[in-house]
Amino acid sequence: MSGNGRRARAYSGAVAVTLAVLLAGCAGNTGTGTSGDPGPQSLSGGETCQGIRANLNRMDREGVPSLVEQQNNGKKLAAPQKAKADLYNQLLDKYLGARCHV
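Draft legend 1. The overall build of the chain, seen in detail. The number of helices and strands found in the chain is four helices and zero strands. The linear arrangement of helices and strands in the chain, starting from the amino end, is α-α-α-α. For the chain, the proportion of its 102 residues judged to be buried stands at 25%. For the chain, the share of sequence-separated contacts (at least 6 apart) that also reach a separation of at least 24 residues comes to 60%. Accessible area of the chain: about 6700 Å², with a carbon and sulfur share of 54%.

Written out as structure tokens, the structure reads:
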């Protein structure tokens, strides 16, 4: 398979994983009040939704979502790969927690 074909498949997989995570985050969102929803979390000083999204997009292009998927499936990753997967998950948690996706 050509390099472009692999990149296209990896990118498609990254988009699918990101959409699945976003939709899963929205599925449990029934509003605030008695549902136990704490509401949007505030971002740390200097962080913005746009900045986090830019970092996630960059990591998507680098193929990090496939590392996250491998890690979630129990595959051992090298330390640098694990660090990238963990950072991606942290950024995604911040992005969803701050409700940047709505």
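Draft legend 2. Seen up close, the pattern of salt bridges. Under the defined criterion, the tally for this structure stands at four salt bridges. A salt bridge links Arg 53 to Asp 60; its shortest N-O distance comes to 3.5 Å. Judged by its relative accessible area of 19%, Arg 53 falls in the buried class. Asp 60 gets classed as buried once you look at its relative accessible area, which sits at 10%.

Draft legend 3. Layout of the packing of aromatic side chains. One pass over the structure, following the stated rule, counts zero aromatic pairs. Geometry around Tyr 95 places Arg 53 over its ring, the cationic atom sitting 5.2 Å from the centre.

Draft legend 4. Structural context of the nonpolar core. Ranked by size, the top nonpolar core spans 15 residues in total, and within it Leu 56, Tyr 88 and Tyr 95 carry the most contacts. Taken together, the elements giving at least two residues each to this core come down to helix H2 (49-61), helix H3 (64-72) and helix H4 (79-97). Residue contributions to this core peak at six residues, all from H4.

Conventions adopted
Residues numbered from 1 in each chain as written. Predicted model: local features only at pLDDT ≥ 70, side-chain atom pairs only at ≥ 80, totals over all residues. Heavy atoms only, no water. Helix = DSSP H or I, 4+ residues; strand = E, 2+ residues; numbered from the N terminus. Buried < 20%, exposed > 50% of the residue type's maximum accessible area, 1.4 Å probe, protein only. Contact = heavy atoms within 4.5 Å. Areas by Shrake-Rupley, 256 points an atom, 1.4 Å probe, with all protein chains shown as cover. Salt bridge = Lys/Arg side-chain N within 4 Å of Asp/Glu carboxyl O. Phe/Tyr/Trp six-rings, centres within 6.5 Å; stacked < 30°, edge-to-face > 60°. Lys NZ or Arg CZ within 6 Å of the ring centre and 35° of its normal. Core = buried A, V, L, I, M, F, W, Y, C linked by side-chain atoms within 4.5 Å.

Any link to function would need more than the numbers given here.
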